[in-house]
Amino acid sequence: MIQETIVTTQSSEGITHIAPMGIHVEGDSLVILPFRPSTTLNNFVETKVGVINYCDDVRVFAGCLTGRRDWPLQSAQTISGKFLECALAHTEVEIERIEENTTRPKLFCKTVHTANHAPFKGFNRAQFSVLEAAILISRLDMLPLQKIESEIEYLRIGLDKTAGEREWEAWGWIMAVLDNHKRNANR
Ligand SMILES: Cc1cc2nc3c(=O)[nH]c(=O)nc-3n(C[C@H](O)[C@H](O)[C@H](O)COP(=O)(O)O)c2cc1C
């Protein structure tokens, strides 16, 4: 199973980096697969630790892909690092081993600490729509515009029916990036 999370890492100078990442759950292991080049990967190689944040504020996902990476943080409890203030829960991890790959190495993580901060309040279709749309705009240069537009049209159905303020705000950021991409494609 893959869980969509926000991974927070730190450089050796202590600069925190925030990035959405799908975490592969394999038995007791949590596996992170960053595509090269990746600041998340570089930070894990340098410091061997990081935080997996379980977060239902989809603005963080959309924000990271639209130039809004400055989200409130708190100090991690057992490692040198930070977790997201808006996380419902977070897991502090250490890298056990790295399976090298020129495109997408596998980082096998061991959980060293987990904390719950707020209850899970159920699934929301608009949150799914924002996550999927965020993934689409992370692939703008790889996917045909027609495919992106037809998927956005479908995702808009769940958004229209179920979004709250956070989801609408996140959607707006994504649509601005898409509009800009379309303008450039028409030049
Ligand atoms: C829901 C979601 C899941 C993602 N999962 C991954 C992932 O597993 N690996 C990856 O390299 N990028 C993933 N991305 C894209 C990265 O967040 C984005 O490209 C980011 O800038 C990663 O590079 P960085 O480590 O340099 O920040 C995902 C994006 C979204 C919205």
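Residues numbered from 1 in each chain as written. Predicted model: local features only at pLDDT ≥ 70, side-chain atom pairs only at ≥ 80, totals over all residues. Heavy atoms only, no water.

## Brief notes about the nonpolar core
Counting 28 residues, the largest nonpolar core has Val60, Leu84, Val130, Ile152, Trp171 and Ile174 as the members making the most contacts within it. Where this core is concerned, the elements lending two or more residues are helix 2 (58-65), helix 3 (125-137), helix 4 (145-162) and helix 5 (165-185). Domain assignment of the residues forming this core places at least three in each of domain 1 (2-116) and domain 2 (125-185). Once residues lying within four places of it in the same chain are set aside, the contact partners of Ile174 are Ala62, Thr66, Val130, Ala133, Ala134 and Ile137. Counting 13 residues, the second largest nonpolar core, distinct from the first, contains Leu30, Leu41, Val93 and Cys109. (Core = buried A, V, L, I, M, F, W, Y, C linked by side-chain atoms within 4.5 Å. Buried < 20%, exposed > 50% of the residue type's maximum accessible area, 1.4 Å probe, protein only. Helix = DSSP H or I, 4+ residues; strand = E, 2+ residues; numbered from the N terminus. Domains from an automatic or database assignment. Contact = heavy atoms within 4.5 Å.)

## Quick notes on the packing of helix 2 against helix 5
Contact pair helix 2 / helix 5: the axes reach a minimum separation of 9 Å and the direction vectors enclose 15°. Here helix 5 runs roughly parallel to helix 2, going by the angle between their axes. You can see that helix 2 and helix 5 cross each other, and the crossing is left-handed. Contacts from Val58, Arg59, Ala62 and Gly63 in helix 2 reach Arg166, Glu167, Glu169, Ala170, Trp173 and Ile174 in helix 5. Tallied by class, residues from the contact of helix 2 with helix 5 come to five nonpolar, one polar and four charged. (Axes fitted to C-alpha atoms, helices over the stretch in contact; angles between N-to-C directions. Parallel < 35°, antiparallel > 145°, perpendicular 65-115°, else oblique. Left-handed = near helix turned anticlockwise from the far one by under 90°. Nonpolar A, V, L, I, M, F, W, Y, C, P; charged D, E, K, R; others polar.)

## Here we look at the domain arrangement of the chain
Each assigned domain of the chain is listed here: domain 1 (2-116) and domain 2 (125-185). Here the C-alpha centroids of domain 1 and domain 2 sit 24 Å apart. Contact residues are listed per partner, giving twelve residues for domain 1 and 13 residues for domain 2. With both sides pooled, the region where domain 1 packs onto domain 2 buries about 1100 Å², and carbon together with sulfur makes up 77% of that total. Looking at the side of domain 1 facing domain 2, the largest losses of area belong to Val58, Arg59 and Leu65, adding up to 44% of the total buried there. (Buried area = accessible area lost by both parts, 1.4 Å probe.)

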